[in-house]
Amino acid sequence: HDDGEGNLRLAAIGERRSVLSRPDPQTRHKALVLAANVDVAVIVASAKAPGFRPALIDRCLIAIWHGGATPMVCLNKVDLIDGEERAQMQARLGAYGDLGIEVRLTSTETGEGVAELIAGLAGKTCVLLGHSGVGKSSLLNAMDPERERRTSRGREFDGKGRHTTTASELVELADGTRLIDTPGVRSFGLWEIRSDEVQDYFPELAEVAGSCRYRDCSHLVEPGCAVPEALAAGTLHAARFDAYRRIRSSLEV
Ligand code: GDP
Ligand code: ZN
């Protein structure tokens, strides 16, 4: 509902425990609250068609941790990759597993991993995030068999007859799982986070930082930075460090 300040938010149920927001494209300094009271935010990525695009995973992780929810990573469409590609993908996703993030491989085509995903979310309030085409709707349909019938009725309109693009729907399933169905969640802005705070959301960097020469090391240019060594030793995942660099520079404007 509209809270009077122009911020759309899910009608809150009790206290807000966690929140996922993104900048309002109209007013940069306002947040559009995408979902409140989220326990688990599942970041859905596709193994193929569309190709794996991990940048959103790293951005989502920051927004999810910042908002106080627990992230999960789901690689969908694993039916489209062969054994070798699968091993590569698993190695790539190991960076998230190493952070204690649950990583699941699913296929709504073959059903692989879907029941396990559903069981893992039982009783929780969940939201699925990810690029268009990765299979969020297909996964939601698998979790909520009634969904297809409801959504086929057509597009949702708000009380004033406008097409709603940010309103969220909350569906409670038989096993007590609550699904937040947010249309059009593609990217998260990180507008509330300063560039020097980015490393707080890369716990593996914080670990390395203890050995950097300077306490406030940005790990980008400083002499005596421990990152190059950690990268060479493989204790820090190169792809995650790239994400750190990219996200930092995107905030330094
Ligand atoms: P969304 O945009 O993230 O909601 O993605 P959709 O659920 O609409 O799926 C996009 C397309 O991918 C559809 O044509 C689905 O049938 C297909 N798709 C979804 N999951 C899978 C999967 O696990 N394997 C394969 N091969 N195709 C899938
Ligand atoms: Zn450093």
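Residues numbered from 1 in each chain as written. Chains lettered and ligands numbered in written order. Predicted model: local features only at pLDDT ≥ 70, side-chain atom pairs only at ≥ 80, totals over all residues. Heavy atoms only, no water.

Examining the pattern of salt bridges
What the rule picks out here adds up to ten salt bridges. Close ionic contact of Arg178 with Glu172 constitutes a salt bridge, the shortest N to O distance being 4.0 Å. Taking the relative accessible area as the measure of exposure, Arg178 reaches 24% and is therefore partly exposed. Taking the shortest distance from any N to any O, the salt bridge between Arg194 and Asp196 comes out at 3.0 Å. Taking the relative accessible area as the measure of exposure, Asp196 reaches 41% and is therefore partly exposed. What you see here is one network of salt bridges that share partners, running through Asp58, Glu204 and Arg240. (Salt bridge = Lys/Arg side-chain N within 4 Å of Asp/Glu carboxyl O. Buried < 20%, exposed > 50% of the residue type's maximum accessible area, 1.4 Å probe, protein only.)

Here we look at the coordination of the zinc ion (ligand 2)
Around the zinc ion (ligand 2), the protein contributes the donor atoms Cys212 (SG), Cys217 (SG), His219 (ND1) and Cys225 (SG), at 2.1 to 2.4 Å from the metal centre. Its four donor atoms give the zinc ion (ligand 2) angles of 101 to 115° at the centre, a pattern that matches the tetrahedral case. Going along the chain, you hit the donors of the zinc ion (ligand 2) in the pattern C-x4-C-x1-H-x5-C. Look at His219 and you get buried, because its relative accessible area is 3%. (Donors = N, O, S within 2.8 Å, 3.2 Å for Na, K, Ca; no water. Tetrahedral: all angles 85-135°; square planar, octahedral: opposite > 155°, others 65-115°.)

Observations concerning the side chain of Glu204
With respect to the helices, strands and loops of the structure, Glu204 is situated in helix α6 (residues 203-209). Looking at Glu204, the relative accessible area reads 14%, which means it is buried. Setting aside residues no more than four positions away along its own chain, Glu204 makes contact with Leu99, Leu236 and Arg240. (Helix = DSSP H or I, 4+ residues; strand = E, 2+ residues; numbered from the N terminus. Contact = heavy atoms within 4.5 Å.)

Some remarks on the confidence of the model for the chain
Here the chain averages 82 in pLDDT, and 76% of its residues register 70 or above. Segment residues 1-14 is flagged for pLDDT under 50; beyond a separation of four residues in sequence, or across chains, it makes 20 contacts in the model. Confidence drops under pLDDT 50 across residues 160-166; counting only partners more than four residues distant or on other chains, this segment forms twelve contacts. (pLDDT = per-residue confidence, 0-100.)

Notes on helix α8 (residues 238-251)
With 14 residues, α8 should cover 20 Å at 1.5 Å per step; its first-to-last C-alpha distance of 20 Å lies within 8% of that length. What α8 keeps buried is the set Arg240, Phe241, Ala243, Tyr244, Ile247 and Arg248. All buried residues of α8 lie within an arc of 155° about the axis, which places them on one face of the element. Along its buried surface, α8 packs onto α1 (55-67), α2 (83-97), α6 and α7 (227-233). (Expected span 1.5 Å × (residues − 1). Arc of directions from axis to C-beta.)

Section: empty space enclosed by the protein
Under the counting rule described, the total for this entry stands at one cavity of 30 Å³ or more. Estimates place the volume of the largest cavity at around 70 Å³. Along the walls of the largest cavity sit Ile43, Val44, Ala45, Ser46, Pro50, Gly51, Phe52, Arg53, Leu56, Ile57, His131 and Val134, which together make up its complete lining. At the level of secondary structure, the elements contributing two or more residues to the lining of the largest cavity comprise β3 (40-46) and α1. Counting residues per element, the lining of the largest cavity draws most heavily on β3, which supplies four residues. For the lining of the largest cavity, the residue count by class is eight nonpolar, three polar and one charged. (1 Å grid on protein atoms, 1.4 Å probe; cavity = no way out; pocket = protein on both sides within 12 Å on 5 of 7 lines; lining within 4 Å. Points joined across faces, edges and corners; volume = space filled by probe spheres on them. Nonpolar A, V, L, I, M, F, W, Y, C, P; charged D, E, K, R; others polar.)

A few points about unusual backbone geometry
Geometrically, the link from Ala49 to Pro50 is a cis peptide bond, its omega value of 0° lying close to zero. Along the chain, the position of Pro50 falls in the loop between β3 and α1. We note that Ala49 has phi near 50°; this positive angle belongs to a residue other than glycine. Structurally, the position occupied by Ala49 is in the loop between β3 and α1.

Things to note about the site of ligand 1
Taken together, 15 residues sit near ligand 1, with Asp79, Thr108, Gly133, Ser137 and Ser138 positioned nearest. Ser138 is positioned with one of its side-chain polar atoms (N or O) 2.6 Å from an oxygen atom of ligand 1. About the coverage of ligand 1: the protein hides 69% of its 580 Å² of free accessible area. Tallying contributions element by element places helix α4 (residues 136-143) first for the shell around ligand 1, with three residues. Looking at the shell around ligand 1 residue by residue, the classes come out as two nonpolar, nine polar and four charged. (Near = heavy atom within 4 Å. Polar contact = N/O pair within 3.5 Å; in protein donor to acceptor, adjacent residues only side chain to side chain. Areas by Shrake-Rupley, 256 points an atom, 1.4 Å probe, with all protein chains shown as cover.)

Remarks on the sheet that holds strand β6 (residues 125-129)
The six strands lie next to each other as β5-β4-β3-β6-β8-β7, forming an open sheet whose pairing is mixed. This sheet does not close on itself; its edge strands, each paired only once, are β5 (102-105) and β7 (169-172). Adjacent strand axes in the sheet meet at a mean angle of 25°, parallel and antiparallel pairs treated alike. Judged from the four bridges that link them, β3 and β6 form a sheet pairing that is parallel. Within β6, the position partnered with Ile43 by the bridge is Leu129. The sheet contacts of α1 involve β3, β4 (70-76) and β6, and relative to β3 the element is tilted by about 175°. (Pairing = 2+ DSSP bridges. Axes fitted to C-alpha atoms, helices over the stretch in contact; angles between N-to-C directions.)

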